[in-house]
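Results of the structural survey
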Amino acid sequence: MKTTRLVLALLLSLAGSLCFAGPETKLKWFGHAAFSITTPNGKVLLIDPWLSNPKNPEGKDGKDPLASVEKVDYILITHGHRDHVGDAAAIAKKTGAALITNPELAANLVKLADFPKAQAETDNIMGIGGEITIADGEVIVAMTMAVHSSSVLNTNAGPNEPERAYGGNPAGFVISVKNGPTIYHSGDTAYFKDMEVIGETYSIDVALLNIGGHYGMEPRMAARAAQSVRAKIAIPHHFGTFPGITADASGFAAELKKLNIPFYEMKPGQIVTFSGNRLMEH
């Protein structure tokens, strides 16, 4: 009888755990600023998809970094620089993904980077301050201000033509997943005081913050950004990819510790899981 009661208690405990487990959202880092978000319903959002960056393990030893990309529903691009546009056109052609970015960048990606026109001329093209609902209502994307620059490389420019075309205003994104986390991707922004408005407006579960310095925030200011957006956890990106930017995340971690903000460092190729809006232990 005692054994029976013990088994029953274990079964009830397991059942309770299963009942209270939240829907799962997956976040994957490909290195640099490239992340994917897979929603509980299986929609895939790819942000700043430079998958051929030198830190992505899926592109090492002569491997094709796009070979493992089977499904992408939306490609979000914060600004037009090569290390953020990355492999967007090739991925769009392979998957049929719709583009989410500003109108000027969308138009010039079609004209200069061979991005599929039909996938860049939808209601998903937006501007700073706007919000769109995508993925059959499962995701809301807000485009936020960023302090940076934006241009599209014109590889076919003639001798009297500019090598860079207008990329519209640089941006960040707040991505709110139904029954999942709210994720802020900073793009390459510098710190700006109105990041506090982002924190006041949205409940940011995780902030993906550029910490590379030189072209964007130095680690100290990235930590201040985490504080301003009221991030429940901060994850660094845009570091260690090439010479001239911050080599590692140790300085950022130290600055966050001073502010009592939780820090998590992902490794290129790593996937983390959210149960509801809570990051699971890894």
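An account of the accompanying structure is given in this report. Keep in mind that this is a model prediction, so the values were computed, not measured.

Analysis parameters
Residue positions are given per chain, counted from 1 along the sequence in the order it is written. Confidence filtering applies because this is a predicted model: local features only for residues at pLDDT of at least 70, side-chain atom pairs given and counted only at 80 or more, and all residues used for totals across whole chains, interfaces and linings. Values shown for side chains rest on all heavy atoms present in the structure; no hydrogens or waters enter the calculation. Starting at the N terminus, helices and strands are each numbered in turn, a helix being any DSSP run of H or I of at least four residues and a strand any DSSP run of E of at least two. Only heavy atoms matter for contacts: two residues are in contact if any of them lie within 4.5 Å across the pair. Each polar contact in these results corresponds to two N or O atoms within 3.5 Å; when the atoms are within protein, one needs to be able to donate a hydrogen and the other to accept it, and residues that are neighboring in sequence are counted only if both atoms are side-chain atoms. Pairing of aromatic side chains here covers Phe, Tyr and the six-membered ring of Trp, requires ring centres within 6.5 Å, and sorts the geometry by plane angle: under 30 degrees stacked, over 60 edge-to-face, intermediate tilted. Accessibility here uses a 1.4 Å probe with only protein chains present; expressed as a share of the type maximum, an area under 20% marks a residue as buried, one over 50% as exposed, and anything in between as partly exposed. Here a strand pair is declared whenever DSSP counts at least two bridges between the two strands. Axis angles are defined between N-to-C directions and span 0 to 180 degrees, where every axis is a line fitted to C-alpha atoms and, for a helix, only to the segment in contact. We define a salt bridge as a contact between a side-chain nitrogen of Lys or Arg and a carboxyl oxygen of Asp or Glu at a distance within 4 Å. Residues belong to one nonpolar core when they are buried, are Ala, Val, Leu, Ile, Met, Phe, Trp, Tyr or Cys, and are joined through side-chain atoms within 4.5 Å.

Next up on the list: the environment of His-81. Within the secondary structure, His-81 sits in the loop between strand 4 (74-76) and helix 2 (82-85). Put simply, His-81 and Leu-153 are 72 residues apart on the chain and 7.5 Å apart in space, counted from C-alpha to C-alpha. When sequence neighbours within four positions are dropped, the list of residues in contact with His-81 reads His-148, Ser-149, Ser-150, Ser-151 and Arg-164. A distance of 3.3 Å separates the side chain of His-81 from the side chain of Ser-149, its partner in a polar contact.

Further remarks concern the packing of aromatic side chains. Applying the stated rule across the entire model yields three aromatic pairs. Relative to Phe-35, the ring of Trp-29 lies with its centre 6.1 Å away and its plane at 25°, an arrangement referred to as stacked. Taking relative accessible area as the criterion, Phe-35 reaches 0% and is therefore assigned buried. Aromatic pair Trp-29 and Phe-239: ring centres 5.8 Å apart, planes at 25°, arrangement stacked. One end of the pair, Trp-29, is in strand 1 (residues 24-31); the other, Phe-239, is in the loop between strand 13 (234-237) and helix 8 (250-259), with 210 residues separating them in the sequence. Residue classification places Trp-29 among the buried residues on the basis of a relative accessible area of 3%. Put simply, the rings of Trp-29, Phe-35 and Phe-239 touch in pairs and so form one group of aromatic residues.

What follows covers the sheet that holds strand 7 (residues 139-145). Pairing within the open sheet is mixed, and its six strands lie in the order 6-7-10-11-12-13. Edge positions in the sheet fall to strand 6 (131-134) and strand 13, since each of these pairs with one other strand and no more. Between one strand axis and the next, the sheet turns through 20° on average, direction left out of account. Judged from the four bridges that link them, strand 6 and strand 7 form a sheet pairing that is antiparallel. For Thr-133, the partnering residue across the bridge sits in strand 7 and is Ile-140.

Spatially, the seven strands line up as an open sheet ordered 5-4-3-2-1-14-15, and their pairing is mixed. In this open sheet, the two edge strands, each paired with only one partner strand, are strand 5 (98-100) and strand 15 (278-279). Bridge count between strand 4 and strand 5: three bridges; the pairing is parallel. Across the sheet, the residue bridging to Leu-76 is Ile-100, located in strand 5.

Moving residue by residue along a regular strand, the side chains alternate between the two faces of the sheet. Where burial is concerned, most of strand 10 (residues 171-177) is hidden: six out of the seven residues are buried. Pairing analysis gives seven bridges linking strand 7 to strand 10, with the strands arranged antiparallel. Pairing of Val-141 across the sheet is with Ile-175, part of strand 10. Of the strand pairs in this sheet, strand 10 and strand 11 (residues 182-185) are connected by four bridges, and their pairing is antiparallel. Looking at the pairing, Ile-175 lines up with Ile-183 of strand 11.

This part takes up the pattern of salt bridges. Counting across every chain of the model gives nine salt bridges. Its salt-bridge partner being Glu-58, residue Lys-28 comes within 2.5 Å of it at the nearest N-O pair. Taken together, the residues Lys-28 in strand 1 and Glu-58 in the loop between strand 3 (44-47) and strand 4 connect sequence positions 30 residues apart. For Glu-58, a relative accessible area of 19% gives the class buried. Here Asp-73 ties to Lys-71 by a salt bridge, and the two come within 3.1 Å at their closest N and O atoms.

Moving on to the nonpolar core. The biggest cluster of nonpolar side chains holds 56 residues, and the ones touching the most others in it are Val-141 and Ile-175. Residues in contact with Ile-175, not counting those within four places in the same chain, are Ile-37, Leu-45, Ile-47, Leu-76, Val-139, Ile-140, Val-141, Pro-181, Thr-182 and Ile-183. If you look at the next biggest cluster of nonpolar residues, it comprises 24 residues, including Ala-92, Phe-115, Ala-120 and Ile-125.

Moving on to the environment of Thr-122. Of note, Thr-122 is situated in the loop between helix 5 (117-120) and strand 6. Given a relative accessible area of 30%, Thr-122 falls into the partly exposed group. Along the chain, Thr-122 and Glu-70 lie 52 residues apart, while their C-alpha atoms are 22 Å from each other.

Limitation: the analysis is restricted to geometry and does not speak to function.
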